[in-house]
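# Overview (structure and organization)
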Amino acid sequence: MIQNFLNMSGYGLFVWGSFAITFIACGLLYYKTLKTLKKYERDFAKEINELSAERKKIVIENSKIASQVLSSSSKTI
Amino acid sequence: MFKILNLSNIFYWIEKLIGFINSIFFILLLVALSFALIFSPPDYLQGDSVRIMYVHVPSAWIGLASFSSIAILSIAHFIFKIKNIKLITKSIAPIGLMFTCLALVTGSIWGQPTWGTWWAWDARITSMLILALFYIGFISTHKFISDENKANKISSIIAIIGLINIPIIKYSVDWWNTLHQPASIKLTGESSIHSSMLMPLLLMFFVLILYCALIFLMKYKTEIIRIKKKNLKRT
């Protein structure tokens, strides 16, 4: 029964090949996108942390995004 | 109303949406794959090779829909000059390119057992290949032109010109004699596909749309951070 399922009445290579290519491509795009996002978050958090204490306070107070990125990056650390 | 369109609010909602999609995605993917690979019947003519359609057709739909959105948003960018629109189109383009290429590749894999050839220069396939080239042109302008305003302008022109190709792809099967069959699913009028095959097709489409939304949100979030980072350097 499993062999029949894998064989797909002779079209197994084509069917499984199509699904495999689709999911590999989707997985790679997801991985690359996530990696780029994390890199930007890390770099942004690093730049904020390098600011003077006073300047950092102003940036965090004025930018919700900066405070969110800082809090999420501190969670991952 | 415009407070919702503020980047900080958008950023907040992006985080929430990413979390939500991640929480339901794998369950829905399992359901859709079960229908596509197990529960749906083989076609009386094509046999089990019809299952390739469950990834091929949604990929083609997404490729077309993404480019249409990019082109319409590019027209809006020309008229209203809203910078946020370019962030959106830039985030959609790689998704559209990947699904257009997937439609071409899975179509080719389906063509071998069904038509006896991997490739044919028929109107539908050729116009899909041209769509992929428009995507590459659009993405390349942002990659290789350092002046952001110039890149935005050129990419918008590419998208608007590429819009001409969309109806050509859609109606190519009606206008020319092609190997492709006419559309089985119609928005207006009766579809010629049986519900036992329509169900897995729509489920796979829905899952892939969720995947696209996830990638789009992550890319959009990256673009927002990139802009904030740039602004931080300026001040």
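Residues numbered from 1 in each chain as written. Chains lettered and ligands numbered in written order. Predicted model: local features only at pLDDT ≥ 70, side-chain atom pairs only at ≥ 80, totals over all residues.

## Overview of the overall build of chain A
Regarding its fold elements, chain A presents four helices and zero strands. Computed over C-alpha atoms, the radius of gyration of chain A comes to 23 Å, more than 25% over the 11 Å expected from 2.2 N^0.38 for 77 residues, which places it beyond the range of a compact globule. Taken along the three principal axes of its C-alpha coordinates, chain A extends 70 × 20 × 20 Å. With 77 residues in all, chain A has 21% of them scored as buried. (Helix = DSSP H or I, 4+ residues; strand = E, 2+ residues; numbered from the N terminus. Rg over C-alpha atoms; globule rule 2.2 N^0.38 Å. Buried ≥ 20, exposed ≤ 12 C-beta atoms within 10 Å, placed from the backbone.)

## Concerning the overall build of chain B
For chain B, the helix and strand inventory stands at seven helices and zero strands. Listed N to C, the secondary structure of chain B is α-α-α-α-α-α-α in terms of helices and strands. Expressed along its principal axes, the backbone C-alpha trace of chain B runs to roughly 65 × 40 × 30 Å. Residue burial in chain B is summarised as follows: out of 235 residues, 34% are buried. Within chain B, residue pairs in contact and separated by at least 24 positions form 76% of the contacts whose partners lie at least 6 positions apart. (Contact = placed C-beta atoms within 7 Å.)

## Remarks on the interface of chain B and chain A
Residue-level contacts link 32 residues of chain B with 30 residues of chain A. Going through the elements one at a time, helix H1 (7-39), helix H2 (53-80), helix H3 (83-115) and helix H7 (195-234) of chain B are the ones with two or more residues in the side of chain B that touches chain A. With 12 residues, the single largest contributor to the side of chain B that touches chain A is H7 of chain B. Of the residues contributing to the side of chain B that touches chain A, the split by class is 18 nonpolar, seven polar and seven charged. (Nonpolar A, V, L, I, M, F, W, Y, C, P; charged D, E, K, R; others polar.)

## Things to note about the confidence of the model for chain B
Atom-level detail of predicted coordinates should not be read off regions where pLDDT is low. Residue and element names in this part refer to chain B. Confidence in the prediction of chain B, expressed as mean pLDDT, is 91, and 97% of residues score 70 or more. Averaged pLDDT values for the elements of chain B fall to 91 in helix H6 (residues 165-175) and rise to 96 in helix H4 (residues 123-144). Two numbers describe this predicted complex: its pTM, 0.90, and its ipTM, 0.89. (pLDDT = per-residue confidence, 0-100.)

## Observations concerning the packing of H2 of chain B against H4 of chain B
All names here are of chain B. Where H2 contacts H4, the two axes come as close as 11 Å, and the packing angle between them is 45 degrees. Taken as axis vectors, H2 and H4 run oblique relative to one another. The two elements H2 and H4 cross, and the hand of that crossing is left-handed. Contacts between H2 and H4 involve Ala60, Gly63, Phe67 and Ile70 on the former and, on the latter, Met128, Leu131, Phe134, Tyr135 and Phe138. Looking at the contact of H2 with H4 residue by residue, the class counts come to eight nonpolar, one polar and no charged. (Axes fitted to C-alpha atoms, helices over the stretch in contact; angles between N-to-C directions. Parallel < 35°, antiparallel > 145°, perpendicular 65-115°, else oblique. Left-handed = near helix turned anticlockwise from the far one by under 90°.)

## As for the packing of H2 of chain B against helix H5 (residues 148-162) of chain B
A pair of packed helices is captured by two measures, namely the crossing angle of their axes and the spacing between those axes. Residues and elements named next belong to chain B. Running from amino to carboxyl end, H2 crosses H5 at an angle of 125 degrees, the nearest separation of the two axes being 8 Å. It follows that H2 is oblique to H5 by the angle criterion. Crossing handedness for the pair H2 and H5: left-handed. Residues Phe67, Ile70, Ala71, Ser74, Ile75, His77 and Phe78 of H2 touch H5, and the partners they reach there are Ser156, Ala159, Ile160 and Gly162.

## Details of unusual backbone geometry
Its identity as a non-glycine residue notwithstanding, Met8 of chain A has a phi of 50 degrees, on the positive side. Considering the arrangement of structural elements, one finds Met8 of chain A in the loop between helix H1 (2-7) and helix H2 (12-49). Backbone geometry places Lys81 of chain B, a non-glycine residue, at a positive phi of 55 degrees. Relative to the elements of secondary structure, Lys81 of chain B occurs in the loop between H2 and H3.

## Points about the environment of Thr36 of chain A
All names here are of chain A. For Thr36, the location among the structural elements is in helix H2. Taking the C-beta count within 10 Å as the criterion, Thr36 has 15 such neighbours and is therefore assigned partly exposed. Each C-alpha atom, one on Thr36 and one on Val59, is 23 Å from the other, the two residues being 23 residues apart in sequence.

## A look at the confidence of the model for chain A
Residues with a pLDDT of 70 or more make up 95% of chain A, whose mean pLDDT is 87. Least confident of the elements in chain A is helix H4 (residues 64-76) of chain A, whose mean pLDDT is 75; most confident is H2 of chain A, at 94.

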